[in-house]
Amino acid sequence: MKTAWLFPGQGMEEPRMGLAFAAVHPEARRLLAWAGDCIRQDALKLLESHPAKLGKTDILQPVLTAVALGACLACRDALPSPDFTAGHSLGEVAALSASGLASAADAVRLAAARGAIMAREAGKCDGGMAALFGGREDVERALAAAERQGAVDLAAHNAPEEWVLSGERRALARLAAAFPLRRLGVSG
């Protein structure tokens, strides 16, 4: 039987994520320290006391990558080595490291650079993202309605009944009144 390790992307973060591993595993603490160096903040304190800051892409991406890789390192002896690694969006960075193709420190630095670029570009417009729950017909109706309300596009198809729309915040807010949308905590 083959084993795969799958890593989540941005949107899966939770307050206090990774703190249990960091409390008992030096490798997990070290990765969070690297993430903290990248964002010029104490990542452990951020996770303990400032979960609202995790909504900022430039802060979250290196921290989430450090948490994912810290969990891997902490569980390495209890889990079979992966035959495959994969990740969703940002999770691809952690998967790259878990596969052995990049060091954990390089993965955290790459996530920091990626997050900084994304935050910079997102700051150029008033954009956001929202998950739409429904079938393809619902997405098509939402996108048709969005044409009349502002710039909104399909960003991802995460699951058979879960789609991600991105675009102008005002247009997403108007769509939320007519469709089953859940705003995603991203900075752009």
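Up top you'll find the structure we're talking about.
Being a predicted model, the structure only gives us computed values, none of them experimental. (Residues numbered from 1 in each chain as written. Predicted model: local features only at pLDDT ≥ 70, side-chain atom pairs only at ≥ 80, totals over all residues. Heavy atoms only, no water.)

**Regarding the overall build of the chain**
For clarity, the cut-off: Only DSSP runs of H or I covering at least 4 residues are called helices, and only runs of E covering at least 2 are called strands; the numbering of each starts at the N terminus. Restricting the calculation to C-alpha atoms gives the radius of gyration, and the globule rule supplies 2.2 Å times the number of residues raised to the power 0.38. A 1.4 Å probe rolled over the protein chains alone gives each residue an accessible area, and that area as a share of the maximum for its type sets the label: buried under 20%, exposed over 50%, partly exposed in between. The contact rule is simple, with two residues in contact once any of their heavy atoms fall within 4.5 Å.
Within the chain, the secondary structure is distributed over 8 helices and 6 strands. Taken from N to C terminus, the helices and strands of the chain fall in the order β-α-α-α-α-β-α-α-β-α-β-β-α-β. Rg of the C-alpha trace for the chain: 18 Å, near the compact-globule value of 16 Å for 188 residues, within the 12% margin. With the C-alpha coordinates of the chain rotated into their principal frame, the extents come out at 55 × 40 × 25 Å. Burial analysis of the chain (188 residues in total) assigns 38% to the buried set. In the chain, the proportion of contacts linking residues at least 24 apart, taken out of those at least 6 apart, comes to 68%.

**Comments concerning the pattern of salt bridges**
This is how it is decided: For this analysis, a salt bridge means a side-chain nitrogen from Lys or Arg found within 4 Å of a carboxyl oxygen belonging to Asp or Glu.
Applying the stated criterion across every chain yields a total of 5 salt bridges. Salt-bridge contacts for R120 lead to E121; the nearest nitrogen and oxygen are separated by 3.1 Å. With relative accessibility at 34%, the residue E121 sits in the partly exposed group. Residue D138 is joined to R141 by a salt bridge in which the shortest nitrogen-to-oxygen separation is 3.1 Å. Of this pair, D138 and R141 both sit in helix α7 (residues 136-149), 3 residues apart, which is roughly one turn of that helix. Classification of R141 as partly exposed rests on a relative accessible area of 48%. The structure contains a network of salt bridges with shared partners spanning R120, E121 and K124.

**Let's talk about the state of the cysteines**
Rules: Disulfides are defined as cysteine sulfur pairs within 2.5 Å.
All chains considered together, the criterion is met by 0 disulfides. In this structure C38 is not part of a disulfide, and its nearest cysteine sulfur, from C72, lies 18 Å away. Accessibility expressed as a relative area gives 27% for C38, which makes it partly exposed. For C75, which is in no disulfide, the shortest distance to another cysteine sulfur is to C72 and amounts to 7.6 Å.

**Notes on the side chain of S97**
Within the secondary structure layout, S97 lies in helix α5 (residues 91-98). Each residue touching S97, except ones within four places of it in the same chain, is listed here: L69, A102, S103, A104 and A107.

**Some points on the packing of helix α2 (residues 26-39) against helix α4 (residues 57-75)**
Applied cut-off: Each axis is a line fitted through C-alpha atoms, and for a helix only the stretch in contact is used; angles between axes span 0 to 180 degrees, taken between their N-to-C directions. Oblique is the label for any angle not under 35 degrees, not over 145, and not in the 65 to 115 range, which are roughly parallel, roughly antiparallel and roughly perpendicular in turn. Helix crossings are classified by the rotation of the near helix relative to the far one: an anticlockwise turn of less than a right angle makes the crossing left-handed, while a clockwise turn makes it right-handed. In this classification, Asp, Glu, Lys and Arg are treated as charged, Ala, Val, Leu, Ile, Met, Phe, Trp, Tyr, Cys and Pro as nonpolar, and every other residue, Gly included, as polar.
Close contact between α2 and α4 brings their axes to 8 Å; oriented N to C, the two are set at 165°. On the basis of the axis angle, α2 is roughly antiparallel to α4. Where α2 crosses over α4, the handedness of that crossing is right-handed. Along the contact surface, α2 presents E27, A28, L31, L32, A35 and I39, while α4 presents D58, I59, P62, V63, A66, V67, L69, G70 and L73. Across the contact of α2 with α4, the residue classes tally to 12 nonpolar, 1 polar and 2 charged.

**Comments concerning a nonpolar patch on the surface**
For clarity, the cut-off: Like-charged residues are merged into a patch within 9 Å and nonpolar side chains (Val, Leu, Ile, Met, Phe, Trp, Tyr) within 5 Å, provided each residue has over 30% relative accessible area and no salt bridge. Calculation of accessible area relied on Shrake-Rupley with a 1.4 Å probe; when residues are assessed, cover is drawn exclusively from the protein chains displayed.
A surface patch of nonpolar side chains, about 290 Å² in accessible area, is lined by L96, L101 and L110. With respect to the element layout, L110 can be found in helix α6 (residues 104-122). For L110, a relative accessible area of 42% corresponds to the partly exposed category.

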